[in-house]
There are 2 protein chains.
Amino acid sequence: MTSTMQDDFQLTTTAILQHGAQVYPDSEVVTWTGGGARRATFTEIAANANRFAAALTELGVQPGDAIGTFCWNTAEHVEAYYAIPGMGAVVHTLNIRLTAEQVAQIVEHAGDRMIIVDDSLVPLLAAVAPQLSSVEAYIVVGQADTSALENHATVHRYADLLAAQEPTFDWPDIDEKSAAAMCYTSGTTGDPKGVVYSHRSTYLHALATLAAGVTGFTEADRILTFVPMFHVNAWGIPFGAFLGGSTLHLPAQFMTPDQVCAFIAAERSTVASAVPTIWGGIMQYGREHEIDLSSLRMGTSGGAAIPRSLMAGFEQTYGVRIIQGWGMTETSPVAGMAWPPPEVEPGAPDELDWRLKSGRVVPGVQMRIVSEDGDVLPWDGTAVGEIEVRGPWITGSYHATDVPEKFDDGWLRTGDIGTIDHRGFFLITDRSKDVIKSGGEWISSVELENLLAASPDVAEAAVIGIPDEKWTERPLAAVVLRSGAAASPEQLAHFLDGKVAAWQIPENWTFIDEVPKTTVGKFDKKVLRSQFADGELKVERSR
Amino acid sequence: MTSTMQDDFQLTTTAILQHGAQVYPDSEVVTWTGGGARRATFTEIAANANRFAAALTELGVQPGDAIGTFCWNTAEHVEAYYAIPGMGAVVHTLNIRLTAEQVAQIVEHAGDRMIIVDDSLVPLLAAVAPQLSSVEAYIVVGQADTSALENHATVHRYADLLAAQEPTFDWPDIDEKSAAAMCYTSGTTGDPKGVVYSHRSTYLHALATLAAGVTGFTEADRILTFVPMFHVNAWGIPFGAFLGGSTLHLPAQFMTPDQVCAFIAAERSTVASAVPTIWGGIMQYGREHEIDLSSLRMGTSGGAAIPRSLMAGFEQTYGVRIIQGWGMTETSPVAGMAWPPPEVEPGAPDELDWRLKSGRVVPGVQMRIVSEDGDVLPWDGTAVGEIEVRGPWITGSYHATDVPEKFDDGWLRTGDIGTIDHRGFFLITDRSKDVIKSGGEWISSVELENLLAASPDVAEAAVIGIPDEKWTERPLAAVVLRSGAAASPEQLAHFLDGKVAAWQIPENWTFIDEVPKTTVGKFDKKVLRSQFADGELKVERSR
């Protein structure tokens, strides 16, 4: 017996675009302009995507070609998200916060034929343009002076390209397993690696995120998307929005807390999605200014664990409930969401404990934890191992790079160490490269960092393992004191007494001005390790 | 450039089962036993599905074999839903309300090798067993006397088969486009036709139904599923529940309003899914008995349009908000859900108008309306045409039957006539076979039926077209009066004055005791037409 279903119906980004434009024509993409906003309905976005797809076809872009974007979160970036994969090419979102060297390396590795660049980012890109040998053309959104680009490639104006086309386009049939979008990892562990999303993975991820138990976004939502569209497709929100009808609020380059708060107040965002650093910035700004977050029904946070105090603070001060998600570039990214289980009522004493889990496995993703010896460990909430995932929106390889150590019999090794309980709630205790192996036992650097950050004397702290003759490794805590604080190593070690096992308490301390961070705001322990190795850190001992 | 995603990860019913058992091990399948309930956790259901899959394999069931079920909504039926497709065969749900002749015809057409049958249904099946030549074995759930079956095939006890197996099973790799489940249409328009769902279509449909804008079911829900599991897989709820974690409440054979209400009160169902007839039965029962529906946060209704008075009554009397869905056996079935748009607040004066729409196109489904001449009509809320759909869980053919007239260039012709507005809200005004063509214009039989049903004198009414020399067709209203009412044709025609155009008002009337209905409770106008043709209806004229 064979299926009678339309099993050859292809799950493509164009199917998403068409659903959005047809069923939610009045939903909007609202781009902040500093003091105000410019608006485009889904119908208008789709018409522009049609025009842009026609223009790219006319420019000779071929199926499978990589087309870069060097853009903020804007309406035009959304149009590129649909036009490029829809006409058969691959939208490669470039991280504007990388160094020139990294940008050059990534563009060359991906082989980007063209790059779409925002007005305000032309100078940044122009600085690296001489090294971008694969790029034949730049497409500039806005009226910036482009002379610095013109020496290296043809320059088109986005508006001119669109003006020359009709608002309709005969979208080609595309196999759902074709490449649609591309994003490089941020490279905290070695060189950036390219992840290529398929139409199928993009569609399935977007559909799964709409589940009430994942994000629950609907047409009633206006989603302020701080997470950059060059960072794992803004967590897939621009795709989910067109499938579910949510209005998109895009901050463009106006990412400072004052602008963010003005945007929320003016446009009545119902949801905001951001990394903890942004949430912290808003909280800080709100201490000194009158802000109106009353329209927000929830926030989502990801990219790094959010501090308990910040999560609690938003709820107490503004009534904003922040739900954490977990994922990575390799997982599209949503693989877990930390909704508390149904028996835990909002506001219950232990609710925050649940919401501080890293997440719970979402439908469509399979997860397991594996010991150092390769044994699959039980979901008992105590066994600690490396988290591995697989599923239709999990990467199975990297673009043009063989990295066998990242895969284990078809599962992606996430490099995160943690536990999973019997209902799929997982808690990441460390990155595998950051976990400290002391006397055959593991010490979680993240746990120590979180505990230290709770000290009134500490602004932030990063903990790395340093070589130790007796124990193989021991923790070194690199601490940034709050201004005015003057805690000694002994005092900080004492602060940890009783909070972790005694042997886990660091005896090595160093005081620094700031924890080095990656472009996406994560602690860059590579830098700390190399500073330690080079003798640049002054280490004090607490005992 | 090629995708790096795990695009070969197969979307299968086993992936759904495993997600449910792993992530929601404590969610339950609760089967009503009349005065109480028996419970099984998702872990236990999965263990039994493993055992049953092993048993079927041992019995020699081959990939692609059809295995029938002749069962109520029970835990064992859920186990069969996963065991049969998971081991490679096809679960064919047989409608227990069909005639013996229809059952025999369908079993033979599908080629069912085995049939799983509920205890209480053995006598019903035994009556037709002599004609079921393809059936080699019956698997009986319960301790019924099976001697009547034993003359025709081997009889196994479900419990014995499971007891002989381990609770683990090495599920085979299955192509997602393989057949997973099968259901025949109820045959209101000719012979029943077989629809075969694939693993892929089943998975995608289940995932899409979890969207907050579709059903929004989560682990917090306990879903009372009245809609039979032999009727389009109980609207896919048993699959969605395992993907989203909802507890399933299954009524078994206890479908009377008293039992239904006892079940809801005892188990605190949060959602109930039923056809309008069942909703009407509950409302009627509640008029005469104290019932407790306070646990229900919503109801879903489908299969036929729900009367306004019933929808309003549930809200006013019990605070239960009923949301209509739309679909058919051929559409898995969810293709539309009639949530009001976000600007319409719950309780707003026009909210009920929105909720009485047939639905709004759900993510994953594409819809259009087509005129009699084959023109695709605009989504303007006024153009009337036949609704056509396509998408990954829409059928593209029928099992072993060529029915070209049901398809139009890759779209399924639903046989429903209606309008679509500019945001994808569609309103079905008639079945294409029931619409009355009078003087070149269409008269909606359904509209007349709904208007007549609103008369205090009318219990129910069905309207069919009868031949007319001048106008080609004219409406004949077959009316069931309420007990004690004695309205004349003139009075009923007068009641319609001003509610439809004067030329649409029927002048032909007949009074009957009951509208003939199909096994799924829909008006069976075929019977009325044949009664009219045979001169069995006494027709009176109103002018």
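Residues numbered from 1 in each chain as written. Chains lettered and ligands numbered in written order. Predicted model: local features only at pLDDT ≥ 70, side-chain atom pairs only at ≥ 80, totals over all residues. Heavy atoms only, no water.

1. Some points on the packing of aromatic side chains
Note the following rule: Centre distance within 6.5 Å is the pairing criterion for rings of Phe, Tyr and Trp, where only the six-membered ring of Trp is used; planes under 30 degrees apart are then read as stacked, over 60 as edge-to-face, and the remainder as tilted. In this text, helices come from DSSP runs of H or I with a minimum length of four residues, and strands from runs of E with a minimum of two, each type numbered from the N-terminal end. Only protein chains enter the accessibility calculation, which uses a 1.4 Å probe; a residue whose area is less than 20% of its type maximum is buried, one above 50% is exposed, and one in between is partly exposed. Any Lys NZ or Arg CZ found within 6 Å of a ring centre and within 35 degrees of that ring's normal is scored as a charge over the ring.
Tallying each qualifying case throughout the model produces 24 aromatic pairs over all chains. Each ring, one from Tyr81(B) and one from Phe239(B), has its centre 5.3 Å from the other, and the planes form 25 degrees; the classification is stacked. In this pair, Tyr81(B) is assigned in helix H3 (residues 75–86) and Phe239(B) in helix H10 (residues 237–244), connecting sequence segments 158 residues apart. A relative accessible area of 1% means that Tyr81(B) is categorised as buried. Ring pairs connect the aromatic residues Phe42(A), Tyr81(A), Tyr82(A), Phe239(A) and Phe242(A), which therefore count as one cluster. Here the guanidinium or amino end of Lys193(A) rests over the ring plane of Tyr398(A), the centre of that ring lying 5.4 Å away.

2. Details of the interface of chain A and chain B
The cut-off we apply is this: Whether two residues are in contact is decided by their heavy atoms: any pair within 4.5 Å suffices. Buried area: the sum, over both parts, of the accessible surface (1.4 Å probe) that disappears when the two are put together. Counted as salt bridges are all cases of a side-chain nitrogen of Lys or Arg within 4 Å of a carboxyl oxygen of Asp or Glu. Identification of polar contacts relies on pairs of N or O atoms within 3.5 Å, with a donor-acceptor requirement for protein atoms, meaning one able to donate a hydrogen and the other able to accept it, and with residues adjacent in sequence counted only if both atoms are side-chain atoms.
Chain A puts 75 residues into the contact, and the matching count from chain B is 76 residues. For the pair chain A and chain B, the summed buried area comes to about 5,500 Å², and 57% of that belongs to carbon and sulfur atoms. Along the contact surface separating chain A from chain B lie eight salt bridges. Salt-bridge contacts for Glu219(B) lead to Arg360(A); the nearest nitrogen and oxygen are separated by 2.5 Å. Applying the counting rule to chain A against chain B returns 36 residue pairs in polar contact (both at pLDDT 80 or more).

3. Section: the sheet that holds strand S3 (residues 66–70) of chain B
Residues and elements named next belong to chain B. Counted only if it meets this: When DSSP finds two or more bridges between a pair of strands, those strands are recorded as paired. All axes here are fitted lines through C-alpha atoms, helices being fitted over the stretch that makes contact, and every angle between N-to-C directions spans 0 to 180 degrees.
Judged by pairing direction, the sheet is mixed, and its seven strands sit side by side in the order S7-S6-S5-S3-S4-S8-S9 without closing on themselves. Two strands close off the open sheet at either side, each with one partner strand: strand S7 (154–157) and strand S9 (194–198). Neighbour-to-neighbour, the strand axes of this sheet turn through a mean angle of 25 degrees, independent of strand direction. Pairing of strand S6 (residues 137–141) with S7 involves four bridges; the strand directions are parallel.

4. Some points on the packing of helix H11 (residues 257–267) of chain B against helix H12 (residues 276–288) of chain B
All names here are of chain B. The criterion, for reference: Should an angle lie under 35 degrees it is considered roughly parallel, over 145 roughly antiparallel, and from 65 to 115 roughly perpendicular; all remaining angles are considered oblique. Each residue receives one of three labels: charged for Asp, Glu, Lys and Arg, nonpolar for Ala, Val, Leu, Ile, Met, Phe, Trp, Tyr, Cys and Pro, and polar for the others, Gly being one of them.
In the contact formed by H11 and H12, the axes pass within 9 Å of each other and the chain directions differ by 85 degrees. Our classification of the angle between H11 and H12 gives roughly perpendicular. Side by side, H11 and H12 meet where Pro257, Asp258, Val260 and Cys261 of the first sit next to Gly281, Ile282 and Tyr285 of the second. The residue inventory of the contact of H11 with H12, partitioned by class, reads five nonpolar, one polar and one charged.

5. Focus: the side chain of Ser445(B)
Residue and element names in this part refer to chain B. Within the secondary structure, Ser445 sits in helix H15 (residues 445–453). Among the polar contacts listed, one links the side chain of Ser445 to the side chain of Lys525, at a separation of 2.9 Å. The contact partners of Ser445, leaving out residues within four places of it in the chain, are Asp430, Asp434, Ile436, Val463 and Lys525.

6. Quick notes on the nonpolar core
Filter applied, for reference: In this description, a nonpolar core means a group of buried Ala, Val, Leu, Ile, Met, Phe, Trp, Tyr and Cys residues linked to one another through side-chain atoms lying within 4.5 Å.
Residues Phe52(A), Ile282(A), Phe314(A), Phe52(B), Ile282(B) and Phe314(B) are the most contacted members of the largest nonpolar core, which totals 244 residues. Setting aside residues up to four positions removed in sequence, Ile282(A) forms contacts with Phe226(A), Pro257(A), Val260(A), Cys261(A), Ile291(A), Leu293(A) and Phe314(A).

7. Things to note about the pattern of salt bridges
Inspection of every chain in the model, using the stated rule, returns 58 salt bridges over all chains. Measuring nitrogen to oxygen at the nearest pair gives 2.4 Å for the salt bridge that ties Asp65(A) to Arg113(A). Residue Asp65(A) is found in the loop between helix H2 (42–58) and strand S3 (66–70), and its partner Arg113(A) is found in the loop between helix H4 (100–110) and strand S5 (114–118); the two are separated by 48 residues along the sequence. Residue classification places Asp65(A) among the buried residues on the basis of a relative accessible area of 15%. We note a salt bridge from Glu219(B) to Arg423(A), for which the minimum N-O separation is 4.0 Å.

8. Some details on the confidence of the model for chain A
Predicted coordinates in areas of low pLDDT are best not read in detail. Rules: pLDDT: the predictor's confidence for each residue, scored from 0 to 100.
Mean pLDDT for chain A: 95, with 99% of residues reaching 70 or above. Model confidence for the complex is summarised by a pTM of 0.92, with the ipTM given as 0.91.

9. Overview of the relation of the copies chain A and chain B
Definition in use: Superposing copies: least-squares fit, C-alpha atoms only, residues required to have pLDDT of at least 70 in both.
Overlaying chain A with chain B gives an RMSD of 0.1 Å, the required rotation being 180 degrees about an axis along which the chain moves by 0.0 Å. Read as a symmetry element, the transformation amounts to a two-fold axis. Rotation axis and chain A: the residue whose C-alpha lies nearest the axis is Ala211(A), separated from it by 1.9 Å. The overlap is high: 100% of the interface residues of chain A also sit at the interface in chain B, so the same surface is used on both sides.

10. Structural notes on the state of the cysteines
All names here are of chain A. What counts, and what does not: Cysteine sulfurs are considered disulfide-paired once they come within 2.5 Å of each other.
Within this structure, the stated rule accounts for zero disulfides over all chains. With no disulfide partner, Cys183 has as its closest neighbouring cysteine sulfur the one in Cys71, 14 Å distant. Judged by its relative accessible area of 1%, Cys183 is buried.

11. Focus: the side chain of Asn73(B)
Residue and element names in this part refer to chain B. Note that Asn73 resides in the loop between S3 and H3. Take Asn73: its relative accessible area is 3%, and that puts it in the buried class. Polar contacts involving the side chain of Asn73 include one to the main-chain carbonyl oxygen of Val227, which spans 3.0 Å. Setting aside its immediate chain neighbours within four residues, Asn73 contacts Thr31, Thr225, Phe226, Val227, Pro228, Met229, Leu250, Pro251 and Ala252.

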